Amino acid sequence: MIRDKSHNEQIERWADYVKNNSDWKIKLKPFLDAQLIIASRVYKKLAETKEGRKKIIELRKIHR
Amino acid sequence: MKREIKDKTILDEFAEDFCKIVDKHCKYIICSGFVAISHGRSRGTEDIDMIIEKVSESEFIKLHNDLIKNGFECMQSQDGKKVYAYYLINKDSVRYTRKGEFLPEMEIKLAKDELDLEQINSRQKIPFTGLNVYFSSIEGNIAFKEELLGAEKDLEDAKHLRIIYSDKINEDKIKLIKQKIRRLRLKKND
């Protein structure tokens, strides 16, 4: 089941934008890249700490 | 719409670099979340799902070694023989990243039934994405997300793809794939 009405409308609004505007990728790229850059930074910092690698394995299980 | 190199995201570059190597060794498809994301779905992911045809152990070891040679590493083992024998052949997935990085990951599985094989045989490059990789069909992705996966994000991905391809989607094809999912994966008869 899809979340509430406004969320559903947002999905429709953005999908329509993607369908009809060629600059969607430029708008989306910073958001997609930022997610990976931030997560990667956190994992690298965590890996340097005691038990860090163990924690990363646990975190990766949650994200799957 | 043609996309320029500068538009490419970290995920796009990772997917293209990885697929270029896999393509030399076997047929593959990219499926699930990254299909929706490469069509503009505004959500993040840390992994990309790939299904490869059922290659032999020796064929897989060649592929694995080529990936290692090109700067990727496997989270499960650096030994291709172990990756194949302990994971892939038992229908478990394995994960590759660029060497020294935690993400993004490529999650690889061997094709396990006729449904996977059909998806691989009907694979396509999708101009809308601007990416030089093979995807499973849009109809296949919608069918899996709506019929099998069913989590909130999956239904939202399917909805997004339905809007993008509202004038092109083959509903009969989706119905047929859903029937096969029920029979082969959910063990239900219609």
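Residues numbered from 1 in each chain as written. Chains lettered and ligands numbered in written order. Predicted model: local features only at pLDDT ≥ 70, side-chain atom pairs only at ≥ 80, totals over all residues. Heavy atoms only, no water.

Colleague: Hey, could you run me through the overall build of chain B in this one?
Modeller: Along chain B, the regular secondary structure elements total eight helices and five strands. Taking 2.2 N^0.38 as the reference for a compact globule, 190 residues should give roughly 16 Å; the C-alpha atoms of chain B span a radius of gyration of 16 Å, in line with that estimate. By principal-axis analysis of the C-alpha atoms, chain B measures approximately 45 × 45 × 25 Å. Working note: accessible area of chain B is about 8,600 Å², and carbon and sulfur atoms make up 48% of it. (Helix = DSSP H or I, 4+ residues; strand = E, 2+ residues; numbered from the N terminus. Rg over C-alpha atoms; globule rule 2.2 N^0.38 Å. Areas by Shrake-Rupley, 256 points an atom, 1.4 Å probe, with all protein chains shown as cover.)

Colleague: What is the right way to read the interface of chain A and chain B from this model?
Modeller: Taken together, the contact between chain A and chain B spans 35 residues of the former and 37 residues of the latter. Each partner contributes to the roughly 3,200 Å² buried at the junction of chain A and chain B, and carbon and sulfur atoms together form 62% of this total. Taken as a group, A:Lys19, A:Lys25 and A:Leu36 account for 19% of the area that chain A buries against chain B, more than any other trio of residues on that side. Between the two partners, chain A and chain B, sit four salt bridges. Here A:Glu12 makes a salt bridge to B:Lys159, at a shortest N to O gap of 2.9 Å. Inspection of the chain A/chain B interface yields eleven residue pairs in polar contact (both at pLDDT 80 or more). Tallying contributions element by element places helix α2 (residues 24–47) of chain A first for the side of chain A that touches chain B, with 16 residues. (Contact = heavy atoms within 4.5 Å. Buried area = accessible area lost by both parts, 1.4 Å probe. Salt bridge = Lys/Arg side-chain N within 4 Å of Asp/Glu carboxyl O. Polar contact = N/O pair within 3.5 Å; in protein donor to acceptor, adjacent residues only side chain to side chain.)

Colleague: Quick question: what am I supposed to make of the sheet that holds strand β4 (residues 94–98) of chain B here?
Modeller: In a beta sheet, neighbouring strands pair by backbone hydrogen bonds and run either parallel or antiparallel. All names here are of chain B. The strand order across the open sheet built from five strands is β1-β2-β5-β4-β3, with neighbouring strands paired in mixed fashion. The two strands at the open ends of the sheet, each matched to only one other strand, are β1 (28–31) and β3 (72–74). Going across the sheet, the axis of each strand differs from the next one's by a mean of 30 degrees, ignoring polarity. Two elements, β1 and strand β2 (residues 47–52), share four bridges in a ladder whose sense is antiparallel. Opposite Tyr28, over in β2, you have Ile52 as the bridge partner. Relative to β3, helix α3 (residues 57–69) is tilted by about 130 degrees, and along the sheet it contacts β2, β3 and β4. (Pairing = 2+ DSSP bridges. Axes fitted to C-alpha atoms, helices over the stretch in contact; angles between N-to-C directions.)

Colleague: What exactly am I supposed to notice about the packing of α2(A) against helix α1 (residues 10–22) of chain B here?
Modeller: Packed helices, taken two at a time, are described by the angle between their axes plus the distance between the axes. Two elements in contact, α2(A) and α1(B), have axes separated by 8 Å at closest approach and are oriented at 80 degrees. Overall, the two elements α2(A) and α1(B) adopt an arrangement that is roughly perpendicular. Residue-level inspection shows A:Lys25, A:Asp33, A:Leu36 and A:Ile37 of α2(A) in contact with α1(B), the latter providing B:Ile10, B:Leu11 and B:Asp12. Taken together, the residues of the contact of α2(A) with α1(B) sort by class into four nonpolar, no polar and three charged. (Parallel < 35°, antiparallel > 145°, perpendicular 65-115°, else oblique. Nonpolar A, V, L, I, M, F, W, Y, C, P; charged D, E, K, R; others polar.)

Colleague: Can you help me understand the environment of B:Phe144 in this one?
Modeller: Residues and elements named next belong to chain B. Tracing the chain through its elements places Phe144 in helix α6 (residues 138–149). Judged by relative accessible area, Phe144 falls into the buried class, the value being 14%. Between the C-alpha atoms of Phe144 and Ile51, which are 93 residues apart in sequence, the distance is 14 Å. Apart from residues no more than four positions distant in its own chain, Phe144 is found in contact with Leu115, Gln119, Leu149, Ile177, Ile181 and Arg185. (Buried < 20%, exposed > 50% of the residue type's maximum accessible area, 1.4 Å probe, protein only.)

Colleague: When you look at the packing of aromatic side chains in this model, what are you seeing that I'm missing?
Modeller: Given two aromatic rings, their pairing is described by the distance between the two centres and the angle made by the two planes. As enumerated under the stated definition, the model contains eleven aromatic pairs over all chains in all. Measuring from ring centre to ring centre gives 5.4 Å for A:Trp14 and A:Tyr17, while their planes differ by 10 degrees; the resulting arrangement is stacked. On the criterion of helical spacing, the pair formed by A:Trp14 and A:Tyr17 is a turn pair, its members being three residues apart in helix α1 (residues 5–20). Its end group placed over the ring of B:Tyr134, B:Lys125 keeps NZ or CZ at 4.7 Å from the ring centre. (Phe/Tyr/Trp six-rings, centres within 6.5 Å; stacked < 30°, edge-to-face > 60°. Lys NZ or Arg CZ within 6 Å of the ring centre and 35° of its normal.)

Colleague: Which parts of the structure should I look at to understand the nonpolar core?
Modeller: Soluble globular proteins: nonpolar side chains tend toward being buried together. In this structure, B:Ile30, B:Met50 and B:Ile52 are the most contacted members of the largest nonpolar core, which totals 63 residues. It is α2(A) that provides the largest number of residues to this core, a total of eight residues. Ignoring any residue separated from it by four or fewer positions in sequence, one finds B:Met50 in contact with B:Phe18, B:Cys19, B:Val22, B:Tyr28, B:Ile29, B:Ile30, B:Met106, B:Glu107, B:Ile108 and B:Lys109. (Core = buried A, V, L, I, M, F, W, Y, C linked by side-chain atoms within 4.5 Å.)

Colleague: Please clarify how the side chain of B:Lys180 should be interpreted in this entry.
Modeller: All names here are of chain B. Summarising the element assignment, Lys180 is placed in helix α8 (residues 171–185). Exposure remark for Lys180: the relative accessible area of 19% places this residue in the buried category. When sequence neighbours within four positions are dropped, the list of residues in contact with Lys180 reads Glu114, Leu115, Glu118 and Arg185.

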